[in-house]
Every structure is written in structure tokens, then in C-alpha cells.
Amino acid sequence: MTAFDRRDVGLLLLRLGAGGVLAAHGAQKLLGWFGGHGIEGTGKFMESVGYAPGRASATAAGLAEAGGGTLLALGLATPAAGAAAAGAMAGAAAVHAPNGFFNQEGGYEYAATLGLAATGLAVTGPGRLSLDHALGHALDRGWMVPAALGATAAVTAMVVGARNRRLRKPEQEDAAGRFDAQESLSGE
């Protein structure tokens, strides 16, 4: 069958929309385009929210968003592209989670939506209106989906876990300092 059906058109629209937004966010981080702050400014922000080193974190997030988004839009290497974008969005959601769910309160709604869209595309595939289809799905094999998502989940868990430990460390040091001060006041 050579005619494209509505599923192919729907996947194309989803890929173009989600992939385009992700690519634009990555370009903000990497190049300072679209009102972004580039690697330097984004690196300082990343450091301020616990992702260290900041410059490397900004580069990794920017590449995952720009590269993953561009590849999703093209429908090329869809499992890896979706997984990379989803990992970046999981890292962003971790930053916004303390603010609750809704975006207007600074929550993780937006990052979660983009991450789920990217994951859904990785799982579903790009459809026939894609470079993966034109290339015989050489970069879109069934085994690549769990491999890409599993590897991304493991790396994301390590990165977000390290961030969380980094953020807890000053709190723990402050609590220990208060405990030491209490002990010295009580004469122990």
C-alpha cells in the first residue's frame, strides 16, 4: 500500500510539532537563538539549579533537545531521538517538580508533555512520512526502542540523582552545623 493514511499524517504532525519545539529549546541553550542565553548563560542557570558542571550540563541538555527534536521532526533514528528528548525533559521536570504540576505555577506540566510526546514517538515509530521509512528503518528497529529508552532512563536517573544529592548536601551541612551549635550551647 503506497497511499498514506491518517495515522501517517498524524504522526508527521506530532513529530513536526514536538520535534520543532524541542529543537528550538535546544537552539536557545546551544546558540542563544530565540531569546535563549546560549551555553554560557544556560550553564550558569544549570549550575544554579544543581546540574554541575553547568556548561557541560547545558551542552548535554541542548544537544538532547536540538538533536533529538530535529531527528524527531525528520523521523530519523526515532527511538534514539525520542529517548534523548525524553531524558532532557525528565531533567527539566525535576527542576520544576517542587512547583507542582501546572506550568503557570512554574510546574513540570510542559516538560512532562514534551517528554511523553517524545517517548510516545519513540515507541510508536515515525510513520511512513519519515526518513526512517525512506531508509528502510535501518535506524528504527524494534530492539532499539527498549535499548534507547532503557539507556536514557539509567543515565537520567544518575544525573537527576546526583543533582538531588548536590542540592541536599548544603541542607545536611546546615543541619549538622545547627546540631553542633546546640551541643556547644548545652556544654556537651
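Along each chain, residue indices are assigned from 1 in the same order as the chain's sequence is written. Side-chain atom pairs in this predicted model are given and counted only at pLDDT of 80 or more, local residue features only at pLDDT of at least 70, and totals for whole chains, interfaces and linings cover all residues. Values reported for side chains reflect all heavy atoms of the structure, with hydrogen atoms and water molecules removed beforehand.

Engineer: Got a sec to walk through the overall build of the protein chain? Specific residues and values, please.
Structural biologist: Numbering goes from the N terminus for both helices and strands, where a helix is a DSSP run of H or I of at least four residues and a strand is a run of E of at least two. Assigned secondary structure in the protein chain consists of seven helices and zero strands. Secondary structure elements in the protein chain, listed N-terminal to C-terminal, are α-α-α-α-α-α-α. Sequence separation of at least 24 residues holds for 66% of the intrachain contacts in the protein chain that already meet a minimum separation of 6. As displayed, the protein chain has an accessible area near 10,400 Å², and 66% of this comes from carbon and sulfur atoms. Residue contacts are defined here by distance: any two heavy atoms, one from each residue, within 4.5 Å place the two residues in contact. Under the convention used here, a 1.4 Å probe and the Shrake-Rupley method define accessible areas, while residue burial counts only the protein chains that appear.

Engineer: Would you mind going over the layout of surface pockets in detail, with residue names and values included?
Structural biologist: Note on definitions: the grid is 1 Å and covers protein atoms alone; a cavity is a set of points where a 1.4 Å probe fits but cannot get out; a pocket is an open set with protein on both sides within 12 Å along at least five of seven lines; lining residues have an atom within 4 Å of a point. Grid points are joined across faces, edges and corners, and a volume is the space filled by probe spheres set on the points. The volume enclosed by the largest pocket comes to roughly 980 Å³. In this structure, the largest pocket is lined by 39 residues; those nearest its centre are K29, M46, A61, E65 and A88. Elements that contribute at least two residues to the lining of the largest pocket include exactly α1 (6-31), α2 (38-48), α3 (54-74), α4 (78-96), α5 (109-124) and α7 (144-185). Classification used: nonpolar for Ala, Val, Leu, Ile, Met, Phe, Trp, Tyr, Cys and Pro, charged for Asp, Glu, Lys and Arg, polar for all others including Gly. In terms of residue class, the lining of the largest pocket is built from 21 nonpolar, 14 polar and four charged.

Engineer: Which residues make up the packing of aromatic side chains, and what values go with them?
Structural biologist: Any two aromatic rings considered together are summarised by their centre-to-centre distance and by the angle between their planes. Pairing of aromatic side chains requires ring centres within 6.5 Å, counting the rings of Phe and Tyr and the six-membered ring of Trp. Pairs whose planes differ by under 30 degrees are stacked, by over 60 edge-to-face, and all others tilted. Tallied over the entire structure, the rule returns three aromatic pairs. When the ring of F101 is compared with that of F102, the centres are 5.0 Å apart and the planes differ by 80 degrees; the resulting orientation is edge-to-face. Between F101 and Y108, the ring centres sit 5.2 Å apart and the planes meet at 80 degrees, which makes this aromatic pair edge-to-face. Classification of Y108 by relative accessible area gives partly exposed; the value is 30%. Grouping aromatic residues by their ring pairs yields a cluster made of F101, F102 and Y108. Buried means the residue's accessible area, taken with a 1.4 Å probe over protein chains only, is under 20% of the maximum for its type, while exposed means over 50%, and partly exposed covers the values in between.

Engineer: A description of a nonpolar patch on the surface should follow, citing residues and the corresponding values.
Structural biologist: Candidates for patches are residues over 30% relative accessible area with no salt bridge; among them, like charges are joined within 9 Å and nonpolar side chains (Val, Leu, Ile, Met, Phe, Trp, Tyr) within 5 Å. Counted as salt bridges are all cases of a side-chain nitrogen of Lys or Arg within 4 Å of a carboxyl oxygen of Asp or Glu. Together, L31, W33 and F34 make up an exposed nonpolar region whose accessible area comes to about 380 Å². For L31, the position within the fold is in helix α1.

Engineer: Explain the nonpolar core to me, and be specific about the residues and the numbers.
Structural biologist: Most often, soluble globular proteins keep nonpolar side chains buried together rather than apart. Core analysis: the largest hydrophobic core is formed by 14 residues, its most contacted members being L22, L72, A85, M89 and A118. For this core, the secondary structure elements donating two or more residues are α1, α3, α4 and α5. If one sorts the elements of this core by residue count, α4 sits on top with six residues. Ignoring anything within four residues of it in the chain, the contact list for A118 reads L22, L72, G82, A85 and A86. To define a nonpolar core, start from buried Ala, Val, Leu, Ile, Met, Phe, Trp, Tyr and Cys residues and group those joined through side-chain atoms within 4.5 Å.

Engineer: Give a detailed account of the side chain of S57, specifying residues and quantitative values.
Structural biologist: Within the secondary structure, S57 is located in helix α3. Taking relative accessible area as the criterion, S57 reaches 15% and is therefore assigned buried. Excluding its chain neighbours within four sequence positions, the residues that come into contact with S57 are M46, Y51 and A52.

Engineer: I'd love a proper account of the environment of A52, names of residues and values included.
Structural biologist: As for its position among the elements, A52 is in the loop between α2 and α3. Taking the relative accessible area as the measure of exposure, A52 reaches 29% and is therefore partly exposed. Each C-alpha atom, one on A52 and one on R163, is 7.6 Å from the other, the two residues being 111 residues apart in sequence. Each residue touching A52, except ones within four places of it in the same chain, is listed here: E47, S57 and R166.

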